[in-house]
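Next come the chains, spelled out residue by residue.
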Amino acid sequence: MAKHRFSAARLPGFSTFAVLVFVMLYLPIGLLVLFSFNAGPSPAIWEGFSLQWYPRAWANEQVKDATLRSLTIATFAALISTSVAVLAALGTTRRKRTGGQTFVYLMINQPLMVPEIVTAVALLILFGFIKVATGYQGLGYLIIAHSAFCIPFAYLPIRARLEGMDLALETAAADLYATPWQAFRYVTLPLLMPAVVAGLMLAFITSLDDVVISLFVKSAGQDTLPTYMLGQIRRNMTVEVNAISTLLIGLTVVMLTAFFMLTRRGD
């Protein structure tokens, strides 16, 4: 008698349950995108098709300032966190395993395991002391906070790529008298680059979308785009927020698609 491999898709009701899950996940997003083209001012009552909210959002100076601030923070945070992630990945994969390896891995991925609100409160207390001592109130705090939070997001694809890379080429470079820096620059880094770019994009989109840490760390007048949108919803939600959200969804989809293609090419 032939044996069949177990498949969850063959379980009774699996297809129905899968469809319900996808509907619950994507129906709210679909409605948000639909109502960003609403002709009326209500975010919930359809009054016809219109593109008016997109140019209105673009003309809003507060939206422009918040968007530029978010892009600046996300760019610096992505660059810093990815650079640290590359060093951390090299340190945890290109060295002899020790007894503390698991602890090091745990500490690098700590922001993923601790609730974000806890990290935000801790950073609020730390930066509060620094602000009182130095008087500095700039964007540096947000950049540092986002960089620390984004490190594990950049680290995971880079580490995965390094673990899958054959050491033969790096060993051959060393046999040909290449210094460790030359071996890294001309051998390891080119092979690692798809994962580095993927980690950079993942860190960028994580920073760009962050609300909780930004809300706790920012000073007055330092609204990012997500915190600005949260403030608008609390006061008087307009269809402008739907339009901005739709653009963010589009950017996220593009970045995650590029991330998937790069990691797939790396594999």
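Residues numbered from 1 in each chain as written. Predicted model: local features only at pLDDT ≥ 70, side-chain atom pairs only at ≥ 80, totals over all residues. Heavy atoms only, no water.

- As annotated in an unreviewed UniProt entry, the chain carries the name Spermidine/putrescine transport system permease protein PotC and comes from Roseovarius lutimaris.
- According to the UniProt record, the Sequence similarities (unreviewed entry) comment for the chain is "Belongs to the binding-protein-dependent transport system permease family. CysTW subfamily." (UniProt positions renumbered as here; feature names shortened; annotations may be inferred.)

**Some thoughts on the overall build of the chain**
And step 1. Counting its secondary structure elements, the chain contains twelve helices and zero strands.
And step 2. For the chain, the succession of helices and strands along the chain, N to C, is α-α-α-α-α-α-α-α-α-α-α-α.
And step 3. Taken along the three principal axes of its C-alpha coordinates, the chain extends 75 × 70 × 30 Å.
And step 4. Counting only contacts in the chain whose residues sit at least 6 apart along the sequence, the fraction spanning at least 24 positions is 72%.
And step 5. Between the averaged position of the 19 positive side-chain charges in the chain and that of its 13 negative side-chain charges there is a distance of 7 Å. (Helix = DSSP H or I, 4+ residues; strand = E, 2+ residues; numbered from the N terminus. Contact = heavy atoms within 4.5 Å. Lys, Arg positive; Asp, Glu negative; His and termini not counted. Charge placed at Lys NZ, Arg CZ, Asp CG, Glu CD.)

**With respect to the nonpolar core**
And step 1. With 37 residues, the main nonpolar core has I158, L162, L192, L225, M229 and I244 as its most contacted residues.
And step 2. Listing elements by their share of this core, those giving two or more residues are α3 (61-93), α7 (140-164), α9 (180-209), α11 (225-236) and α12 (239-266).
And step 3. When residues in this core are grouped by element, the largest group, eleven residues, is from α9.
And step 4. Dropping the residues within four chain positions of it, I244 is found in contact with A57, V63, L225 and M229. (Core = buried A, V, L, I, M, F, W, Y, C linked by side-chain atoms within 4.5 Å. Buried < 20%, exposed > 50% of the residue type's maximum accessible area, 1.4 Å probe, protein only.)

**Some words on the environment of P152**
And step 1. Note on placement: P152 falls in helix α7.
And step 2. Its relative accessible area of 0% is what places P152 among the buried residues.
And step 3. Along the sequence, P152 and L87 sit 65 residues apart, while their C-alpha atoms lie 12 Å from each other.
And step 4. Apart from the residues within four sequence positions on either side, P152 is in contact with I108, N109, P111 and L112.

**Looking at the UniProt feature "transmembrane region" (unreviewed entry) in the chain**
And step 1. UniProt marks residues 12-37, 71-91, 112-133, 139-158, 186-208 and 243-262 with the feature "transmembrane region" (unreviewed entry), using the numbering shown here.
And step 2. Overall, residues 139-158 shows 95% helix and 0% strand. The separation of its end C-alpha atoms is 28 Å.
And step 3. Each end of residues 186-208 is marked by a C-alpha atom, and these two atoms are 32 Å apart; helix forms 100% of the span and strand 0%.

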